[in-house]
Amino acid sequence: GRLQWATELGVQTHMGTQFGLASRIAMTVSCLLVIWAAFSGLVMFWKRRRSGTGFPRRPVDARLQRGMIVITVVLAVIYPLWGLSALVILLLDRYLIRRVGPLRRAFGMKDRPPADQLVS
């Protein structure tokens, strides 16, 4: 029935055979772009890292722009597990990394947190 048809369509599309050569080219280009993103991310990290160990310095103005917030919320709705992971990372950053001195230094932040983020 319909479930079998939908499953077959999903499998064929995933394998890149549903739409012929155009599908295979699109899938191959997508895979190459993911590999390029991973490689270029590693190169950017390597170029920005501090001497010795540690992460690159955090930008002075690390606030997210409005468009980035919208994209993040849309992705979190489409991919709920990714959204949950992003939320956990944000909470760890806000309540643990920013408040623990060695972690702050490892992540390239100033030694003291802003006054509004100190635990009372």
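These numbers were taken from a predicted model, which means no experiment stands behind them. Starting from 1, residues in each chain are numbered consecutively following that chain's sequence as written. pLDDT decides what is reported in this predicted model: residues at 70 or higher carry local features, side-chain atom pairs at 80 or more are listed and counted, and totals for whole chains, interfaces and linings draw on all residues regardless. To obtain the side-chain values, all non-hydrogen atoms of the structure were used and water was disregarded.

S.K.: Can you explain the packing of aromatic side chains? Please cite residues and give values.
M.R.: Stacked, edge-to-face and tilted labels apply to pairs of Phe, Tyr and Trp rings (six-membered ring for Trp) whose centres lie within 6.5 Å, assigned for plane angles under 30 degrees, over 60, and everything in between, in that order. Tallied over the full model, the rule gives 1 aromatic pair. Plain terms: the ring middles of Trp36 and Phe39 are 5.8 Å apart, the flat faces sit at 45 degrees to each other, and that makes the pair tilted. Placement of the pair is Trp36 and Phe39 together in helix α2 (residues 20–48), with a separation of 3 residues, close to one helical turn. Only protein chains enter the accessibility calculation, which uses a 1.4 Å probe. A residue is then buried if its area is under 20% of the maximum for its type, exposed if over 50%, and partly exposed in between. Judged by its relative accessible area of 54%, Trp36 falls in the exposed class. Strands here are runs of E lasting at least two residues and helices are runs of H or I lasting at least four, both read from the DSSP assignment and numbered beginning at the N terminus.

S.K.: Account for a nonpolar patch on the surface, naming residues and giving values.
M.R.: The residues that make up patches have over 30% relative accessible area and no salt bridge, and they are joined within 9 Å when like-charged or within 5 Å when they are Val, Leu, Ile, Met, Phe, Trp or Tyr. Each accessible area value is a Shrake-Rupley result obtained with a 1.4 Å probe; residue values ignore everything except the protein chains displayed when judging cover. Salt bridges are identified by distance alone: a Lys or Arg side-chain nitrogen within 4 Å of an Asp or Glu carboxyl oxygen. A grouping of Leu81, Leu84, Leu87, Val88, Leu91, Leu92, Tyr95, Leu96 and Val100 is seen on the molecular surface, where their side chains present a nonpolar patch of about 840 Å² in accessible area. Along the polypeptide, Val88 turns up in helix α4 (residues 80–97).

S.K.: Which residues make up the side chain of Ser23, and what are the values?
M.R.: Residue placement: Ser23 occurs in helix α2. A relative accessible area of 8% places Ser23 in the buried class. Whether two residues touch is decided by their heavy atoms; if any such pair falls within 4.5 Å, the residues are in contact. With sequence-adjacent residues up to four places away left out, Ser23 is seen in contact with Thr13, Gly16 and Thr17.

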